[in-house]
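Observations on chain architecture
The lines below spell out each chain.
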Amino acid sequence: MSHALTFEWADGRTARVDARPDETVVEAAERESVALPFGCLTGACATCTARLLDGHVAYRRPPRGLKPDQREAGYVLACVAEPRSDCRLRVGVDVHRELVDNPWK
Amino acid sequence: MSDADNPATDADAHAHHDHHGHEGPGYVTPQAAIEESEPEEVAYVIGLYVGTDVDAPDFLAVVDTDPDSSTYGQIIDRVEMPNRGDELHHFGWNACSSSCHVEGLERQHLIVPGQRSSRIHVVDTADRRDPELVKVIEPEEVFEHDLSAPHTVHCIPDGKILISMLGDANGELPGGFLELNDDFEVEGRWDTPGDIDMNYDYWYQPRHNVMISSEWAAPKTYYPGFDLEDVEAGKYGRQLHIWDWEAGTVEQTIDLGEEGMIPLEVRFLHSPVSTHGFVGAALSSNVFHFYEDGGEWHADKAIDVEPREHDDWDMPVPGLVTDLLVSMDDRYLFFSNWLHGDVRMYDVSDPANPRLADRIWAGGLFGPRNPIEGERDVYGGPQMLQLSLDGERLYWTTSLFSTWDNQFYPEEGEQGSVMLKADVNPRKGTMALDQEFLVDFGDLPDGPARAHEIRWPDGDCTSDVWL
């Protein structure tokens, strides 16, 4: 069955798309022409990092670009995450920026 | 699609200079490149949107570098890639001076990989001011060879192309090398899996049957950003690998130690008889001189960049040597100090003892935010460098890698990169910032873009190899 995905950006913008069974979050967004950031599409680069606010996802491939503490904090990789329920996600490039800061500053 | 199948027409006759009787692309010697080349009229420059919220694919920009042109210092054309998400990064020519005597081959096609996507694009530059995307190798075809994250592109003899690949199909180690044939089809894997663990840049010196490759990290380590925990866990490289070029085997590995963390760009001197070169160790702020002596290869620290105190930083700001190049006459070494904000020029007449000749400050954490009065602010420091073949004009861009930029210079993603230029006096060993040249990658129709590597149509100081 399909699941409703609600995207929320830092600037207050929102969008809603329906993800078909076995579609990743990025695939569903691309099909409906909603632009999310992405890079490798294999779970390695974390360009697509989103924050899962509500709902459940299962991973098609291991999310190698995230460290265990980042996964525990609710970050997900939208390029390899398939929704298993309706989901609400905070998206946009600023979400990835939360993962890494300047280690010397 | 081989260039050999497309003999030169009048339209690209400009691509040929008087080569004193030889056929093929490039120049007979480095000195011939200096003497016979014309000043660069256009530059090809990578522009990218990965790591921003701009909903557009990365592109190859054509920048007008002809001071007599009405569009001097402007982007006059952009070749958009078909997909978003590539992170175009480094790129290279299908042919260079190493195929100088190969009849029918042209330096006409640019091989432009996506660092994140592992997609490989081929751009035809027969019309220098209006290049055209002619082929795309999709990532799946690369993953089939258990490789990902393409980086350095060099042409190799017989029209083939070799690309260093930093990871396996999952973005983990080991990396390796992908070979394309002269029709830009994937020929296969050049190396044996496991010959090396990490990979990054490489350069070969065919007369000595040697290739040297360097190390960054696994893609899954460096892609998301720079984390000191990964450094402490030993996930970043510090080795050089010395290959038997013809056999494709690693004959020696040099551990550069704590002072050689993250060795990036590898630059041999251009003279094909030379067994000297340099590599920048980005994280430990050093430049190493490597050389052959008695059948063994050695690498010694030759330049050390001291860290500097900054009011806004908890610890001294390390010098980050992110790119370096050697002038075509092998006399000068230039390198970028991305965090500090200077580009340096060293006399390397004695390669073991470089002498600082001059430097320019522009942007970065210590250079002027506004190095050219009346022009826009500069975010980020000097990064990818390119020098004219005659050694008189040095150009640079300011972006390193989108996720790393976002950590150290978050304004760069919002304001876009610039491309700057210095006029170089090789006789006196001096540089001066050109106040008339600033290419603004912040002012583009889709939004601000980052700018990365630079190449010239007639070959350049960071790709041409001589047999």
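Just above, that's the structure.
These lines cover the structure that appears in this document, whether it is placed above or below. (Residues numbered from 1 in each chain as written. Chains lettered and ligands numbered in written order. Predicted model: local features only at pLDDT ≥ 70, side-chain atom pairs only at ≥ 80, totals over all residues. Heavy atoms only, no water.)

**Some points on the overall build of chain B**
Condition: Strands are runs of DSSP state E lasting at least 2 residues, helices are runs of H or I lasting at least 4, and numbering of each runs from the N terminus. Atoms counted for the radius of gyration: C-alpha only. Globule rule: 2.2 Å times the number of residues to the power 0.38. Residue exposure (1.4 Å probe, protein chains only): buried if accessible area is under 20% of the type maximum, exposed if over 50%, otherwise partly exposed. Pairs of residues are marked as contacts when any of their non-hydrogen atoms sit within 4.5 Å. Accessible surface is estimated by sampling points in the Shrake-Rupley manner with a 1.4 Å probe; for residues, cover comes only from the protein chains shown. Working convention for charge: Lys and Arg count positive, Asp and Glu count negative, and His plus the chain ends are omitted. Working definition for charges: the position is that of NZ of Lys, CZ of Arg, CG of Asp or CD of Glu.
Secondary structure assignment for chain B yields six helices and 28 strands. The globule rule puts the C-alpha radius of gyration for 467 residues at 23 Å, and the 20 Å found for chain B is close to it. With the C-alpha coordinates of chain B rotated into their principal frame, the extents come out at 60 × 55 × 45 Å. The buried share among the 467 residues of chain B stands at 66%. Residue pairs at least 24 apart in sequence account for 58% of intrachain contacts in chain B once pairs closer than 6 positions are excluded. Within the structure as shown, chain B displays about 15500 Å² of accessible surface, and the carbon and sulfur contribution to it stands at 42%. Of the side-chain charges in chain B, 29 are positive and 92 negative, and the distance between the mean point of each set is 5 Å.

**Some remarks on the environment of Asp-146 of chain B**
Residue and element names in this part refer to chain B. This is how it is decided: Between N or O atoms, a polar contact is any pair within 3.5 Å; within protein, one atom must be a potential hydrogen donor and the other a potential acceptor, and residues adjacent in sequence are included only when both atoms are from side chains.
Examined against the element boundaries, Asp-146 turns out to sit in the loop between helix H2 (139-143) and strand E8 (148-156). Taking the C-alpha atoms as reference points, Asp-146 and Ala-281, 135 residues apart in sequence, are found 28 Å from one another. Look past the residues within four positions of Asp-146 in its chain and what remains in contact with it is Gly-167, Asp-168, Ala-169 and Arg-189. A distance of 3.0 Å separates the side chain of Asp-146 from the backbone nitrogen of Ala-169, its partner in a polar contact.

**With respect to unusual backbone geometry**
For the bond from Leu-173 of chain B to Pro-174 of chain B, the omega torsion is 5°, close enough to zero to count as cis. With respect to the helices, strands and loops of the structure, Pro-174 of chain B is situated in the loop between strand E9 (160-167) and strand E10 (176-180). In this structure, Ala-46 of chain A is a non-glycine residue whose phi angle is positive, near 70°. Among the secondary structure elements, Ala-46 of chain A is positioned in the loop between helix H1 (25-31) and strand E3 (49-54).

**Section: the state of the cysteines**
Residues and elements named next belong to chain A. Stated formally: Pairs of cysteine sulfur atoms within 2.5 Å are what we label disulfides.
Scanning the model with the defined rule gives zero disulfides over all chains in all. Of all cysteine sulfurs in the structure, the one in Cys-79 sits closest to Cys-48, which takes part in no disulfide; the separation is 3.8 Å. The structure places no disulfide on Cys-87, whose sulfur is separated from the nearest cysteine sulfur, that of Cys-48, by 14 Å. Given the relative accessible area of 4%, Cys-87 is considered buried.

**A few points about the nonpolar core**
Basically, it comes down to this: By nonpolar core is meant a set of buried Ala, Val, Leu, Ile, Met, Phe, Trp, Tyr and Cys residues that side-chain atoms within 4.5 Å join together.
Counting 30 residues, the largest nonpolar core has Leu-5, Phe-7, Val-25 and Leu-89 of chain A as its most contacted members. Of all the elements in the fold, those that place two or more residues in this core are strand E1 (3-8), strand E2 (14-19), H1, strand E5 (75-77), strand E7 (87-90) and helix H3 (93-99) of chain A. Sort the elements by how many residues they give to this core and H1 of chain A lands first, with four residues. For Leu-5 of chain A, the contacting residues outside a window of four places in its chain are Ala-15, Arg-16, Val-17, Ala-19, Val-25, Ala-28, Pro-83, Cys-87 and Leu-89 of chain A. One finds Cys-40 of chain A together with Ala-217, Val-231 and Leu-339 of chain B within the second-largest nonpolar core, a separate group that totals 29 residues.

**What to know about the side chain of Asn-199 of chain B**
Residue and element names in this part refer to chain B. Tracing the backbone shows Asn-199 in the loop between strand E11 (186-189) and strand E12 (202-205). By relative accessible area, which is 0% here, Asn-199 ends up buried. From its side chain, Asn-199 meets the backbone oxygen of Met-165 in a polar contact 3.4 Å long. Not counting residues within four places of it along the chain, the set of residues in contact with Asn-199 comprises Ser-164, Met-165, Leu-166, Gly-176, Phe-177, Ser-213, Ser-214, Glu-215 and Trp-216.

**Quick look at the environment of Ala-449 of chain B**
Residues and elements named next belong to chain B. Relative to the assigned elements, Ala-449 resides in the loop between strand E27 (430-440) and strand E28 (450-455). Ala-449 gets classed as buried once you look at its relative accessible area, which sits at 1%. On a C-alpha basis, the gap between Ala-449 and Gln-415 in space is 7.8 Å, while along the polypeptide they are 34 residues apart. Not counting chain neighbours up to four residues away, the residues in contact with Ala-449 comprise Leu-48, Tyr-49, Phe-59, Gly-416, Ser-417, Phe-441 and Leu-444.

**Observations regarding the interface of chain A and chain B**
Accessible area lost on assembly of the parts is the figure often given for the size of an interface. The condition that has to hold: Summed over both partners, the accessible area lost on bringing two parts together, with a 1.4 Å probe, is the buried area. Take a side-chain nitrogen of Lys or Arg and a carboxyl oxygen of Asp or Glu: if they are within 4 Å of each other, that pair is a salt bridge. We call Asp, Glu, Lys and Arg charged. Ala, Val, Leu, Ile, Met, Phe, Trp, Tyr, Cys and Pro are nonpolar, and the rest, Gly among them, are polar.
Each partner contributes residues to the interface: chain A has 26 residues there, and chain B has 35 residues. Across the chain A to chain B interface the summed buried area is about 2700 Å²; carbon plus sulfur atoms make up 57%. The largest per-residue losses of area from chain A upon contact with chain B belong to Arg-64, Arg-97 and Trp-104 of chain A, which jointly make up 29% of the total buried on that side. The interface formed by chain A and chain B holds five salt bridges in total. Across the pair Arg-84 of chain B and Glu-30 of chain A runs a salt bridge whose closest N-O atoms are separated by 2.5 Å. At the junction of chain A with chain B, the criterion picks out 11 residue pairs in polar contact (both at pLDDT 80 or more). For the side of chain A that touches chain B, a count of residues per class yields 11 nonpolar, seven polar and eight charged.

**Considerations on the environment of Ala-422 of chain B**
Residues and elements named next belong to chain B. Mapped onto the elements, Ala-422 comes out in strand E26 (residues 418-425). Under the relative-accessibility criterion, Ala-422 is labelled buried at 0%. Note: C-alpha distance between Ala-422 and Asp-201 (221 residues apart in sequence) is 26 Å. Once residues within four sequence positions are removed from consideration, Ala-422 is found in contact with Ile-360, Glu-392, Arg-393, Leu-394, Trp-396, Met-431, Ala-432, Leu-433 and Asp-434.

**Details of the pattern of salt bridges**
All chains considered together, the criterion is met by 46 salt bridges over all chains. One salt bridge in this structure joins Glu-179 of chain B and Lys-160 of chain B, with 3.5 Å as the shortest N-O distance. Of this pair, Glu-179 of chain B sits in strand E10 while Lys-160 of chain B sits in strand E9, and the two are 19 residues apart along the sequence. Residue classification places Lys-160 of chain B among the partly exposed residues on the basis of a relative accessible area of 26%. The salt bridge involving Arg-393 of chain B is made with Asp-390 of chain B; its shortest N-O contact spans 3.3 Å. On the accessibility criterion, Arg-393 of chain B (14% relative accessible area) is buried. A relative accessible area of 24% means that Asp-390 of chain B is categorised as partly exposed. Bridged by salt links that share partners, the residues Glu-27, Arg-60, Glu-82 and Arg-84 of chain A form one connected network.

**So, a negative patch on the surface**
Applicable threshold: Within the patch definition used here, like charges are joined within 9 Å and nonpolar side chains (Val, Leu, Ile, Met, Phe, Trp, Tyr) within 5 Å, considering only residues with over 30% relative accessible area and no salt bridge.
On the surface, Asp-69 and Glu-72 of chain A together with Glu-229 and Glu-232 of chain B cluster together into a patch of negative charge. Listing elements by their share of the negative patch, those giving two or more residues are helix H2 (68-72) of chain A together with helix H4 (228-232) of chain B. Within the secondary structure, Glu-232 of chain B sits in helix H4.

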